[in-house]
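Listed here are the chains, written in short residue letters.
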Amino acid sequence: MKIGFFQFKPYHGDKEKNLEIIKEITKKSKSELIVFPELATSGYLVPDKNFLEKNSFSVPESKEFEVLLKTVKETRTGLVTGFPEKNNGKFYNSALYILPDGKYGVYRKIHLFYKEKLHFEKGNNPLDGIFEYNGFKFGIIVCFDWFFPEQIRYLTFKGVNMILHCANLVLPWSQRAMRIYSVINRIFTLTCNRIGEESCGNEKYIFTGKSQIVSPSGKIIARANSNNEILRVKEINLKESEDKNINEYNNIFEDIKNFFPYNIKIL
Ligand code: ACM
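Moving on: the overall build of the chain. Within the chain, the secondary structure is distributed over seven helices and 14 strands. Taken against the 2.2 N^0.38 rule, which gives 18 Å for 267 residues, the C-alpha radius of gyration of the chain at 18 Å falls within 12% of a compact globule. Summarising its shape, the C-alpha atoms of the chain cover approximately 55 × 40 × 35 Å along the three principal directions. Here the chain holds 267 residues, and the buried ones make up 55% of them. Restricting the contact set of the chain to residue pairs at least 6 apart, pairs at least 24 apart contribute 68%. Across the chain, the centroid of the 39 positively charged side chains sits 2 Å from that of the 31 negatively charged ones.

What follows is the structure, encoded as structure tokens:
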């Protein structure tokens, strides 16, 4: 399956411009699935509530969603992007998927990082980031969710072939951790990070780029550098993640049962 990411620096507080970029890149990618960073439609830092009012949108009742849906249907390219979501008067740091058949869903970031807690509600729908597409299963996480292996394991036990990680990473270890997660869960992981800097008052963030796609054996299939805008698309055999055997004696879905004193449910 042809899957890719677009690492870029979103325009801070310019939803229209960012949506235009997402539309253009989705067309240009000629892929089956393209992933964009966390909060790709708004930029990261939230100076005040007015910023969120101006840069958020609702799903599915918004012109922004309509624009993205039309793009996906026209290009036959599925899309996953982070965005600030407004729902029932509350704001969430969310990621939206839209598939060419019109199916869509929104996952809301569960583990909010630092001052995100001042602006966003924490997510309440871990299952809504799981979707099936072209015979494979995907699970979405957003940025700091990576710090919580329970969430990665949960998605693995749900049978996902690939984790899609929309990110605005600032800590240095995430890309390495995602590589390890691929190996110990025998899944593909795709991290789409942003680049550049953002400042607001005396807060300054430097984002780490290095977006990547990793195979279940830990092979780096694609890797961006830390400061360039880049579109990468790769042909990936997602079936590889369905083999949970490490050798003829060790199957991770079997062996994990030895650890737990209670029945854990896999798939
Ligand atoms: C982060 O969760 N955006 C660091």
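Continuing now.
Next up on the list: the environment of Cys166. Checked against the element boundaries, Cys166 lands in strand β8 (residues 162–166). Those residues in contact with Cys166 that lie beyond four places of it in its chain are Val35, Phe36, Pro37, Glu38, Val80, Gly82, Ala95, Ile141, Val142, Cys143 and Cys192.

Right, let's talk about the pairing of strand β13 (residues 220–223) for a bit. Pairing of strand β12 (residues 212–214) with β13, which is carried by three bridges, proceeds in the antiparallel orientation. Counterpart to Ile213 in the pairing with β13 is Ala222. Linkage of β12 to β13, two consecutive antiparallel strands, is achieved through a turn of five residues, within which Gly218 is found at a positive phi near 90°.

With that out of the way, let us pick up the side chain of Ser174. Here Ser174 shows up in helix α6 (residues 174–185). Under the relative-accessibility criterion, Ser174 is labelled buried at 0%. In contact with Ser174, other than residues within four places in its own chain, are Trp146, His165 and Leu169.

One finds Phe138 and Met162 to be the most contacted residues of the largest nonpolar core, which totals 54 residues. The element that contributes the greatest number of residues to this core is strand β7 (residues 136–142), accounting for five residues. Each residue touching Met162, except ones within four places of it in the same chain, is listed here: Ile3, Lys137, Phe138, Gly139, Phe188, Thr189, Leu190, Ile213, Ile236 and Leu238. Val72, Leu79, Leu96 and Val106 belong to the second largest nonpolar core, which has 19 residues in total.

About the cut-offs
Residues numbered from 1 in each chain as written. Predicted model: local features only at pLDDT ≥ 70, side-chain atom pairs only at ≥ 80, totals over all residues. Heavy atoms only, no water. Helix = DSSP H or I, 4+ residues; strand = E, 2+ residues; numbered from the N terminus. Rg over C-alpha atoms; globule rule 2.2 N^0.38 Å. Buried < 20%, exposed > 50% of the residue type's maximum accessible area, 1.4 Å probe, protein only. Contact = heavy atoms within 4.5 Å. Lys, Arg positive; Asp, Glu negative; His and termini not counted. Charge placed at Lys NZ, Arg CZ, Asp CG, Glu CD. Pairing = 2+ DSSP bridges. Core = buried A, V, L, I, M, F, W, Y, C linked by side-chain atoms within 4.5 Å.

Take it as geometry only, folks, not as evidence of what the structure does.
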